[in-house]
Amino acid sequence: MEILSEKDKELIRGSWESLGKNKIPHGIIMFSSSESRVLFVCGRLFELDPELLSLFHYNTNCGSSQDCLSSPEFLEHVTKVMLVVDAAVSHLDDLHSLEDFLLNLGRKHQTVGVSTQSFATVGEALLYMLQCSLGQAYTAPLRQAWLNMYSIVVAAMSRGWAKNGEDKAD
């Protein structure tokens, strides 16, 4: 697993300090689309890949991002995503300690039909959420620091995803 620079860690921690205290609204920014701009000014994931809506099978049919936003199960998923981000930020000095957790997370995503390309889409949505939430504090070095961290997280999840696919082929 790669190691982040001290500057990257400082930038990530500083930017997450305020966002991490209010995870759900920031998480919803990542997932929601322009249809829900009445509730949230920014939104991205479902705009980038509307097909991802089909992966969410809850009591409330997620035919649109607005349907998902009204689902308690979907909000629980948003919370889980933000808790993974929070865990990564909390373990910046030892991301390796999250390896087993991230491998398992990748396996779970492979099992439910998420492609590894979707990990990149979530990364774009994460950066968009940071940009929307941080405004002028969102700088090129900050963006790169988050990209560096997210790349480490996704690399571990992708290894778990691939390993799960190999196990199924055996």
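Refer to the structure presented above.
No experiment lies behind these values; they were computed from the predicted model shown.

(A) View of the overall build of the protein. In terms of helices and strands, the protein carries eight helices and zero strands. Among the 170 residues that make up the protein, the fraction classed as buried is 45%. Here the protein displays about 8,800 Å² of accessible surface, and carbon together with sulfur accounts for 54% of that area.

(B) Expanded view of the environment of S15. In this structure, S15 sits in helix α1 (residues 6-19). A relative accessible area of 7% means that S15 is categorised as buried. Through-space distance from the C-alpha of S15 to that of L134 is 7.5 Å; in sequence the pair is 119 residues apart. Leaving out residues up to four positions away in the same chain, S15 has contacts with L134, L142 and W146. For S15, the side chain forms a polar contact with the main-chain oxygen of I12, separated by 3.0 Å.

(C) View of the packing of helix α2 (residues 23-31) against helix α5 (residues 72-90). Where α2 contacts α5, the axes come no closer than 9 Å and their chain directions differ by 105 degrees. With respect to each other, α2 and α5 are oriented roughly perpendicular. Contact with α2, carried on its side by K23, I24, H26, G27, I28, M30 and F31, involves F74, L75, H77, V78, T79, V81, M82, L83 and D86 of α5 and no other residues of that element.

(D) Structural detail: the pattern of salt bridges. Within this structure, the stated rule accounts for six salt bridges. Between K9 and E6 there is a salt bridge, with its nearest N and O atoms 3.1 Å apart. Placement of the pair is K9 and E6 together in helix α1, with a separation of three residues, close to one helical turn. On the basis of relative accessible area, K9 is assigned to the buried category, the value being 5%.

(E) Spatial organisation of helix α6 (residues 99-111). With 13 residues, α6 extends 18 Å between its outermost C-alpha atoms, agreeing within 8% with the 18 Å of an ideal straight helix rising 1.5 Å per residue. Buried within α6 are the following residues: E99, L102, L103, L105, G106, H109 and Q110. Along α6, the residues classed as buried sweep out an arc of 160 degrees about the axis, all on the same side. For α6, exposure combined with an orientation more than 90 degrees from the buried face picks out D100 and K108. After α6 finishes, the residue G113 shows a positive phi value of roughly 95 degrees.

(F) Expanded view of the nonpolar core. F31, M129, L130, W146 and M149 are the most contacted members of the largest nonpolar core, which has 49 residues in total. Tallying contributions element by element places helix α8 (residues 140-169) first for this core, with 10 residues. When residues no more than four places from it in sequence are discounted, the contact partners of M149 are L4, I12, A88, V89, L92 and L95.

(G) Main features of α2. Among the nine residues in α2, seven count as buried, and that is most of the element. Inspection of α2 places K23, H26, G27, I28, I29, M30 and F31 among the buried residues, and these make up the whole buried set.

(H) Region of interest: the packing of aromatic side chains. For the structure shown, the criterion picks out one aromatic pair. Seen from their ring centres, W16 and W146 are 5.8 Å apart, and the 55 degrees between their planes marks the pair as tilted. With W16 in helix α1 and W146 in helix α8, the pair connects residues that are 130 residues apart, well separated along the chain. Judged by its relative accessible area of 4%, W16 falls in the buried class.

(I) Representation of the environment of M157 within the structure. Mapping M157 onto the fold places it in helix α8. Linking M157 and R107, residues 50 residues apart in sequence, is a C-alpha distance of 7.4 Å. Among all residues touching M157, those that are not within four sequence positions of it are L102, L105, G106, H109 and F119.

Criteria and cut-off values
Residues numbered from 1 in each chain as written. Predicted model: local features only at pLDDT ≥ 70, side-chain atom pairs only at ≥ 80, totals over all residues. Heavy atoms only, no water. Helix = DSSP H or I, 4+ residues; strand = E, 2+ residues; numbered from the N terminus. Buried < 20%, exposed > 50% of the residue type's maximum accessible area, 1.4 Å probe, protein only. Areas by Shrake-Rupley, 256 points an atom, 1.4 Å probe, with all protein chains shown as cover. Contact = heavy atoms within 4.5 Å. Polar contact = N/O pair within 3.5 Å; in protein donor to acceptor, adjacent residues only side chain to side chain. Axes fitted to C-alpha atoms, helices over the stretch in contact; angles between N-to-C directions. Parallel < 35°, antiparallel > 145°, perpendicular 65-115°, else oblique. Salt bridge = Lys/Arg side-chain N within 4 Å of Asp/Glu carboxyl O. Expected span 1.5 Å × (residues − 1). Arc of directions from axis to C-beta. Core = buried A, V, L, I, M, F, W, Y, C linked by side-chain atoms within 4.5 Å. Phe/Tyr/Trp six-rings, centres within 6.5 Å; stacked < 30°, edge-to-face > 60°.

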